[in-house]
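Next come the chains, spelled out residue by residue.
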Amino acid sequence: MSLTKLFTLVFLRKEDEILLGFKKRGFGMNKWNGFGGKVEPNETIVEAAVRELSEESTMSVKPSDLINIAHLEFTFHDEPVLMDVRVFATNTFEGTPKETEEMTPKWFNIKELPFSNMWPDDELWFPYMLEGKKFVGKFHYKGFDTILHHTIEEQESMEAFYANRK
Ligand SMILES: Nc1ncnc2c1[nH]c(=O)n2[C@H]1C[C@H](O)[C@@H](COP(=O)(O)OP(=O)(O)OP(=O)(O)O)O1
């Protein structure tokens, strides 16, 4: 594996609902997902998470209100790239979601999620997130539709995971 790229992914929650955005362009186009993107060289991971959420949904969160709930890794058959995705959630935010150049946001009831129009891995790890678990998921894809193999491991804490990781 030669190249690791760092991404964020943010989910806003209110009661039985979760905010997703329909991606209008680029990677993951025409899929519902959380809000996030690449971490730029001049910012921390949490700063990137706050910025991407705002750019894609117009919603505001304080960095201290974002809870790191998961670490996801995506690799692809015959491609030397590892996508390292830091997943955050919060139910403390400000604003009303608005359509942006990149995403169309919509609140979904957590029992009516549009998995058929999401990344195939989402259906495997969303149950962990919705049950309030911390976890690490690793997914190896062939193309963008087929998961060749995966693991999901529950964690006591994400801080401990990152501190102990080699
Ligand atoms: N398989 C899978 N499941 C769930 N979520 C994701 C994936 N793959 C992914 O990339 N993601 C997430 C991680 C990020 O939040 C986005 C991808 O970010 P992207 O839109 O490429 O990054 P930007 O910096 O916004 O890109 P630009 O379009 O602005 O260049 O999807």
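As annotated in an unreviewed UniProt entry, the protein chain carries the name Oxidized purine nucleoside triphosphate hydrolase and is attributed to Chrysodeixis includens. As its UniProt record puts it under Subcellular location (unreviewed entry), the protein chain is described as follows: "Nucleus".

(A) Structural detail: the confidence of the model for the protein chain. Here the protein chain shows a mean pLDDT of 97. Residues at 70 or above account for 99%. Among the scores for the predicted complex, ipTM is 0.95 and pTM is 0.97.

(B) The arrangement of the nonpolar core in detail. Formed by 27 residues in total, the largest nonpolar core has its most connected members in Phe11, Leu20, Trp125 and Phe126. Elements with a minimum of two residues in this core: strand S1 (3–14), strand S2 (17–23), strand S4 (67–76), strand S5 (79–90), helix H2 (122–130) and strand S7 (134–142). Membership of the second largest hydrophobic core comes to 13 residues, among which are Val10, Val50, Leu53 and Met103.

(C) Structural view of the pairing of S1. The sheet contact formed by S1 and S5 spans ten bridges and is parallel. Along S5, the bridge assignment pairs Lys5 with Met83. Of the strand pairs in this sheet, S1 and S2 are connected by three bridges, and their pairing is antiparallel. Bridged to Leu12 within S2 is Leu19. Hairpin connection of S1 to S2: two residues between the antiparallel strands, including Glu15 at a positive phi of 45 degrees.

(D) Quick peek at the side chain of Glu52. If you trace the backbone, Glu52 turns up in helix H1 (residues 45–57). The buried category is assigned to Glu52, whose relative accessible area is 7%.

(E) Focus on the UniProt feature "domain: Nudix hydrolase" (unreviewed entry) in the protein chain. According to UniProt, the positions carrying the feature "domain: Nudix hydrolase" (unreviewed entry) are residues 2–131. For the annotated span residues 2–131, helix accounts for 17% and strand for 38% of the residues, and the straight-line distance between the end C-alpha atoms is 34 Å.

What counts and how
- Residues numbered from 1 in each chain as written.
- Predicted model: local features only at pLDDT ≥ 70, side-chain atom pairs only at ≥ 80, totals over all residues.
- Heavy atoms only, no water.
- UniProt positions renumbered as here; feature names shortened; annotations may be inferred.
- pLDDT = per-residue confidence, 0-100.
- Core = buried A, V, L, I, M, F, W, Y, C linked by side-chain atoms within 4.5 Å.
- Buried < 20%, exposed > 50% of the residue type's maximum accessible area, 1.4 Å probe, protein only.
- Helix = DSSP H or I, 4+ residues; strand = E, 2+ residues; numbered from the N terminus.
- Pairing = 2+ DSSP bridges.

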